[in-house]
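The primary structure of each chain is shown beneath.
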Amino acid sequence: MRAKILIIDDDPDIVLALENRVTWMGHEPVTAGNGKDGLRLLQQEQPDLVLLDIQLPGLSGLDVLQHLAGLARHEDAPSRWLSGSIMPPVIMLTAFGTIELAVKAMQLGAADFVTKPFTGDHISVVINKTLAALSLRRQVDALQREVADRYGPIVGDNKKLLEQLGLARQAAASTVTVLVLGETGTGKEVVARAIHGWSPRKDKPFVAVNCAAIPKDLLENELFGHEKGAFTGAVKREAGKIEIAEGGTVFLDEIGDMSLSLQSHLLRVLQDQTFYRVGGTQPVHTDVRFLAATNKDLKQAIKQGAFREDLYYRLEVISITLPPLRERMDDVPALARHFLGQSAKFGIAGKPTLSEAALGVLTRYHWPGNIRELENVLTRAVILSAGGVIEPHHLHLSSSASPAQEPDHTEEPRFYHEKMEAYSRKVLLEALHRNDWNQTRAAEDLGLQRTYFTKMLRQKNISGRPPRPGSSDSWTNS
Ligand SMILES: Nc1ncnc2c1ncn2[C@@H]1O[C@H](COP(=O)(O)OP(=O)(O)OP(=O)(O)O)[C@@H](O)[C@H]1O
């Protein structure tokens, strides 16, 4: 990360030395000789990190620090500071004999302090350490906001749904395994997250593993981790998702796609709460709660010899079946309102609303892709209607909205956002096609992280499997 670093010190020699060091480290220095200029540059330049002398003439270092803490809490904080939730970390430069002031600075939120005189190497180490912590905080913050955006509240009060949620709530308090069943896009992951959130483990990690998205031979490593030297390239011991989730919950999505050999490993974990890392000989004890989901008929898979019966009974101590959207059409208006309320995240001004006719189309449509499809249809409609009233033609659903009909993507897009959406669908589908629908290879082909690629497929309602003739995922479309 190339960081912008603000140096505030009244000693020109120190400023020059720090400026040189910061430049040498590959970062961008900005300098101020007093506290007042420092505060102005803080607002103007939005630095990533501040090196602040504690003894400044006029406005002292502690005064600047206090201002900064107040500014970070303020609603008008610069946007790069993530709505004020993260202020740039401050490293205090202190002189011998000012250690008490340094302690006070740490109490006010300074990240670290360095006592003068210091060497260039020492300041480099402290800067690197502080920037690494900042980068982690930013990642965590971004992830938390992404998860909160994507998995908000469970909307709906359909009777069938509420019955299942009641069961989920009761199960949440215990450590039993819960199997969440339902068609694609019915909200299985949303409910799994809710079970975790209602459980005593809520402050521990929730780790989701999509068993269908990870190639079979890599899934074992993903779940159980590996020992150093387990295979070529295993240069150190790595924890798997189960270890990462220690004390929390592991959500095994698409469990029906797990290989038989891995199913037997998983069974052992469920029975003994122990597992072996790949290449390991020592059992690792674990305390995690497992939730699993599938849209497959596991009983059928058992008959076909593709799923272990003993594992099935371990998993479905409690099973929850989420109704498809076509069986809870009374929830469509509330879900639609919920998704329209999120339209600000597409940068669309105004308050989009649905016309009576558009709502009629939504409540007559069959929704094969369930809530995810509804979300995608409304996202597109918000963009096409530019945040105004959504009419039936913005929905791109067939006017008759007869059962089993899918959204009509074949019409030539007209508007900028629509064209961009169509183009990115085309890029994803072409990559899948080029790589025989192998999602890992397609992601690599586009230079994307596998998880990001899967997320894009979901967002665009692309199944990731070879299309049925005439379906909207045909790669030659658009
Ligand atoms: N009750 C709900 N209220 C609000 N949003 C929901 C609800 N259920 C699902 N969603 C939204 O619908 C989308 C799909 O949900 P989710 O990923 O949980 O479905 P899923 O059943 O796990 O799908 P898949 O089987 O394809 O993995 C998500 O964007 C989620 O936020």
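Since we're looking at a predicted model, the values are computed, not measured. (Residues numbered from 1 in each chain as written. Predicted model: local features only at pLDDT ≥ 70, side-chain atom pairs only at ≥ 80, totals over all residues.)

### Considerations on the overall build of the protein
Of regular secondary structure, the protein possesses 19 helices and 16 strands. Residues counted as buried form 33% of the 478 residues belonging to the protein. For the protein, contacts bridging at least 24 residues in sequence account for 70% of all contacts bridging at least 6. (Helix = DSSP H or I, 4+ residues; strand = E, 2+ residues; numbered from the N terminus. Buried ≥ 20, exposed ≤ 12 C-beta atoms within 10 Å, placed from the backbone. Contact = placed C-beta atoms within 7 Å.)

### Brief notes about the confidence of the model for the protein
Confidence in the prediction of the protein, expressed as mean pLDDT, is 84, and 86% of residues score 70 or more. Note that pLDDT drops below 50 for residues 399-410; the model gives that stretch 23 contacts with residues more than four away or on any other chain. Taken together, the stretch residues 469-478 has pLDDT below 50 and engages in 20 contacts with residues farther than four places along the chain or on a different chain. Per the prediction output, this complex has pTM 0.59; the corresponding ipTM is 0.98. (pLDDT = per-residue confidence, 0-100.)

### Quick notes on the sheet that holds strand β3 (residues 49-53)
For sheets, the rule is that strands pair by backbone hydrogen bonds, running either parallel or antiparallel. Taken in spatial order, the 5 strands make up an open sheet running β2-β1-β3-β4-β5, and their pairing is parallel. Strand pairing shows two members of the sheet lacking a second neighbour, β2 (28-32) and β5 (112-115), which therefore form its edges. Each strand of the sheet is rotated relative to its neighbour by a mean of 20°, with strand direction disregarded. As judged from the 4 bridges shared by strand β1 (residues 4-8) and β3, these two strands associate in the parallel manner. Looking at the pairing, Ile8 lines up with Leu52 of β3. Strand contacts of helix α1 (residues 12-24): β1, β2 and β3, with the helix running at about 165° to β2, the strand carrying the most contacts. Its contacts with the sheet put helix α4 (residues 99-107) on β4 (90-94) and β5, and the angle it makes with β4 is roughly 170°. (Pairing = 2+ DSSP bridges. Axes fitted to C-alpha atoms, helices over the stretch in contact; angles between N-to-C directions.)

### Describing the site of the ligand
Val155, Thr184, Gly187, Lys188 and Glu189 are the nearest of the 19 residues found near the ligand. Those elements that place two or more of their residues in the shell around the ligand are α7 (188-198) and α15 (370-384). For the shell around the ligand, the class distribution of residues is 5 nonpolar, 8 polar and 6 charged. (Near = placed C-beta within 6 Å. Nonpolar A, V, L, I, M, F, W, Y, C, P; charged D, E, K, R; others polar.)

### Focus on the packing of helix α13 (residues 332-341) against α15
Close contact between α13 and α15 brings their axes to 10 Å; oriented N to C, the two are set at 50°. For the element pair α13 / α15, the angle class is oblique. In this structure, the crossing between α13 and α15 has a hand that is right-handed. Along its contact with α13, which presents Leu335, Ala336, Phe339 and Leu340, the element α15 presents Ile371, Leu374, Glu375, Leu378 and Val382. Residue composition of the contact of α13 with α15, by class: 8 nonpolar, no polar and 1 charged. (Parallel < 35°, antiparallel > 145°, perpendicular 65-115°, else oblique. Left-handed = near helix turned anticlockwise from the far one by under 90°.)

### Notes on the sheet that holds strand β6 (residues 178-181)
Strand order across the open sheet formed by 5 strands is β7-β10-β13-β6-β14, with parallel pairing between neighbours. Of all the strands in the sheet, just β7 (206-210) and β14 (318-321) have a single pairing partner and so form its edges. Averaged over neighbouring strand pairs, the angle between their axes works out to 20° when direction is ignored. Relative to β14, β6 runs parallel, the two being bridged by 4 bridges. Residue pairing in the sheet places Leu181 in a bridge with Thr321 of β14. Sitting on the sheet, α7 touches β6, β7, β10 (249-253), β13 (289-294) and β14, and the angle it makes with β13 is about 165°.

### Regarding unusual backbone geometry
Backbone geometry follows two general trends: most residues other than glycine have a negative phi, and most peptide bonds adopt the trans configuration. The residue after Lys116, namely Pro117, is reached through a cis peptide bond having omega -5°. Residue placement: Pro117 occurs in the loop between β5 and α5 (120-150). A positive phi angle is found at Gln46, which is not glycine, with a value near 45°. Looking at the element boundaries, Gln46 is found in the loop between α2 (35-45) and β3.

### As for helix α6 (residues 159-172)
Between its terminal C-alpha atoms α6 stretches 20 Å, which fits the 20 Å expected from 14 residues at 1.5 Å a residue. Where α6 is concerned, the buried positions are Leu161, Gln164, Leu165, Ala168, Ala171 and Ala172. Each buried residue of α6 lies within a common arc of 120° when the element is viewed along its axis, so the set occupies one face. The outward face of α6, more than 90 degrees from its buried face, is lined by the exposed residues Lys159, Gly166 and Gln170. Buried residues in α6 make contact with β6, α7 and β14. (Expected span 1.5 Å × (residues − 1). Arc of directions from axis to C-beta.)

### Some details on the pairing of β2
Bridging between β1 and β2 involves 5 bridges; their strand directions are parallel. Bridging from a neighbouring strand, Ile7 pairs with Thr31 of β2. Taking the sense of rotation as the criterion, the β-α-β connection linking β1, α1 and β2 turns out right-handed. (Right-handed = clockwise from strand over helix to strand, strands pointing away.)

### Describing the environment of Arg425
Mapped onto the elements, Arg425 comes out in helix α17 (residues 416-434). Among the residues examined, Arg425 registers 21 C-beta atoms within 10 Å and is labelled buried.

### Digging into the nonpolar core
Membership of the largest hydrophobic core comes to 42 residues, with the highest contact counts inside it found for Val180 and Val250. Among the elements that line this core, the one with the most residues is α6, at 5 residues. By size, the runner-up hydrophobic cluster in this structure holds 29 residues, among which are Leu49, Ile54, Leu56 and Ala105. (Core = buried A, V, L, I, M, F, W, Y, C linked by C-beta atoms within 7 Å.)

### Quick look at α13
Among the residues of α13, Val332, Ala336 and Phe339 are the ones counted as buried. Considered in projection along α13, the buried side chains sweep an arc of 65° and stay on one side of the axis. Among the structural elements, β15 (353-354), α14 (356-364) and α15 are those in contact with the buried residues of α13.

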